[in-house]
Amino acid sequence: MVLENITALLHDIGRHSATQLSSHPEWDEIQQKIEQFFIDSNTQLEERKHLLEIDGIKCFPRGDLVAISGKEKCGKTTACRIIATALLKGDFEPIKAVENNLRILWIDTEQARISTRSVSRAVDMMCGQPQTAEHIRYLNLREWGDRSTMVLLLRMMFDSYRPDLVILDGIRDLITDFNDIRESAEIVLECMRLSSGVTAERAAAEKLHERLPCCIACILHQNKPKDDNNMRGHLGTELANKAGEVWESSRDDDGVFTFEQTRSRTRPLDKPITFKVFSRIFTDQNSGKTEELGIPELWGMKEGEAEPEMIKTKEGTFAKNEVNIQWMLWKVLDGHPMKWEDLLRAIVSRFGLQWREAAGLKNYVSDTIEKDSRDLLWHYIGPSFAEPCEGA
């Protein structure tokens, strides 16, 4: 018997007086069913499962809520792009996915459709290839004015898509007043219910799809005063109380973002995730139009780690590391082997580098290009990057 059936029976029994309860025809059955909700130290349950781990510490638990807070334009959505990329690629050092082949449902309630598209393009670029709807879907609800309809649509998407991680950006737009006690409690309880998954028994009884518990990351702004880091309104209080983890995103004057776990029901993380955002150019393969995107790169995550050397090009400024230089060489050399001088000339022309700077790129990726003894041309032999991305 599923929870909804038990609830209906309890309401029916509750209409009788206390002296009549034991004589109700369903009384013995309901008492037996309620037993499953009692728990003691010997109760056999599945261990808590998480989607990610950072330095060996698990985070983003299944069957629970994660609250993500921060001031306006302080990196909340960008931090979620890092989380999504780690799940889709398997890692975004030092963030690692605990499981493979996970599904992400990204729900955007506040941004324009074109901004949601920018998020999807940025995630594709960070993953190195376009992601299919089998692994991540983006749902823009900004134009849906009726909040009750939004909630019904969420229930439908959870049932049909069966996500492992849901990024709800932002939960505030699913209610009218974030200071309303009843509204705030109801939407948080709805999210808790959706995160719990659907058992085989309930799926059969309610004609739903069976699905595993998922993690719902709820983004909510902090209060406006600089010295008040609490999430907004009663909704913020309710979310902070119910969430298994609370994360906070902030930005300093040097443009370094800090994404820090401030509360956790289990083992807390020892240090925050820090990153900077750099400009990259995305080119639409169909229209040829370009878009400038902000792509995060982890910054100073290891103790004693020096800030990375930067490389400034016509297509953006980014860290001079192996992946970014592989991408540059792939853009000019993949499928077009050429002499060394011609390769340097192509790099100088495409990216606006100095000749000596272009020649020095070889030191970073010695196993990415090689000279063929037969045609005496340099060939690209490194990993491929997806079109239409113009970045790594």
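Remember, it's a predicted structure, so these values are computed and weren't measured experimentally. (Residues numbered from 1 in each chain as written. Predicted model: local features only at pLDDT ≥ 70, side-chain atom pairs only at ≥ 80, totals over all residues. Heavy atoms only, no water.)

Draft legend 1. Region of the structure containing the overall build of the protein chain. Along the protein chain, the regular secondary structure elements total eleven helices and 17 strands. Each of the 392 residues in the protein chain was classed as buried or not, and the buried ones make up 46%. Per element, the accessible surface of the protein chain, about 20,700 Å² overall, is 48% carbon and sulfur. (Helix = DSSP H or I, 4+ residues; strand = E, 2+ residues; numbered from the N terminus. Buried < 20%, exposed > 50% of the residue type's maximum accessible area, 1.4 Å probe, protein only. Areas by Shrake-Rupley, 256 points an atom, 1.4 Å probe, with all protein chains shown as cover.)

Draft legend 2. Expanded view of the sheet that holds strand E13 (residues 290-298). In space, the nine strands of this open sheet follow the order E7-E6-E8-E9-E3-E10-E11-E12-E13, with mixed pairing throughout. Looking at which strands have only one partner, the edges of the open sheet turn out to be strand E7 (136-140) and E13. Recorded for the sheet is a direction-independent mean angle of 25° between the axes of neighbouring strands. With seven bridges connecting them, strand E3 (residues 64-70) and strand E9 (residues 215-221) associate as parallel partners. Each bridged residue has a counterpart across the sheet, and for Val66 the counterpart in E9 is Ala217. (Pairing = 2+ DSSP bridges. Axes fitted to C-alpha atoms, helices over the stretch in contact; angles between N-to-C directions.)

Draft legend 3. Just the environment of Val256, in detail. For Val256, the position within the fold is in the loop between strand E10 (245-251) and strand E11 (257-264). The exposure class assigned to Val256 is buried, which follows from its relative accessible area of 13%. For the pair Val256 and Gly75, spaced 181 residues apart in sequence, the C-alpha to C-alpha distance is 9.7 Å. Residue contacts for Val256: discarding those within four places in its chain leaves Ser250, Arg251, Thr274, Phe275, Lys276 and Trp299. (Contact = heavy atoms within 4.5 Å.)

Draft legend 4. Here's a closer look at the pairing of strand E15 (residues 316-319). In this sheet, E15 lies alongside strand E14 (residues 310-313) in antiparallel orientation, the contact comprising four bridges. Bridge pairing in E15 places Thr313 opposite Gly316. As consecutive antiparallel partners, E14 and E15 are separated by two residues.

Draft legend 5. Expanded view of helix H5 (residues 147-161). The terminal C-alpha atoms of H5, which comprises 15 residues, lie 21 Å apart, in line with the 21 Å expected from a rise of 1.5 Å per residue. Residues Met150, Val151, Leu153, Leu154, Met157, Phe158, Asp159 and Tyr161 constitute the buried set of H5. Along its buried surface, H5 packs onto strand E6 (104-108), E7, strand E8 (165-169), helix H6 (181-195) and E9. Within two residues after H5, Arg162 carries a phi angle of roughly 55°, on the positive side. (Expected span 1.5 Å × (residues − 1).)

Draft legend 6. Fine view of the environment of Ile369. By secondary structure assignment, the location of Ile369 is in strand E16 (residues 369-371). When its relative accessible area of 4% is taken as the criterion, Ile369 is described as buried. In this structure, the C-alpha to C-alpha distance between Ile369 and Leu333, residues 36 residues apart in sequence, is 8.8 Å. Those residues in contact with Ile369 that lie beyond four places of it in its chain are Leu329, Leu333, Trp340, Leu343, Lys362, Trp378, His379, Tyr380 and Ile381.

Draft legend 7. Structural detail: the side chain of Thr313. Mapped onto the fold, Thr313 is located in strand E14. What makes Thr313 buried here is its relative accessible area of 11%. Once residues within four sequence positions are removed from consideration, Thr313 is found in contact with Phe318, Met328, Phe351 and Leu353.

Draft legend 8. Broad picture of the pattern of salt bridges. Tallying each qualifying case throughout the model produces 17 salt bridges. A salt bridge links Arg48 to Asp64, with the shortest nitrogen-to-oxygen separation between them at 3.6 Å. Of this pair, Arg48 sits in the loop between helix H2 (27-34) and strand E1 (50-54) while Asp64 sits in strand E3, placing them 16 residues apart in sequence. In this structure Arg48 comes out as partly exposed when scored by relative accessible area, which is 46%. Measuring nitrogen to oxygen at the nearest pair gives 3.0 Å for the salt bridge that ties Glu186 to Arg182. (Salt bridge = Lys/Arg side-chain N within 4 Å of Asp/Glu carboxyl O.)

Draft legend 9. Structural context of helix H4 (residues 113-127). End to end, H4 covers 21 Å across 15 residues, agreeing with the expected 21 Å (1.5 Å per residue, within 8%). Burial runs high along H4: eleven of the 15 residues are buried. Every buried residue of H4 is accounted for by Thr116, Ser118, Val119, Ser120, Arg121, Ala122, Val123, Asp124, Met125, Met126 and Cys127. Looking at the buried positions of H4, the neighbouring elements they touch are helix H3 (76-89), strand E4 (91-92), E6, E7, strand E12 (273-283) and E13.

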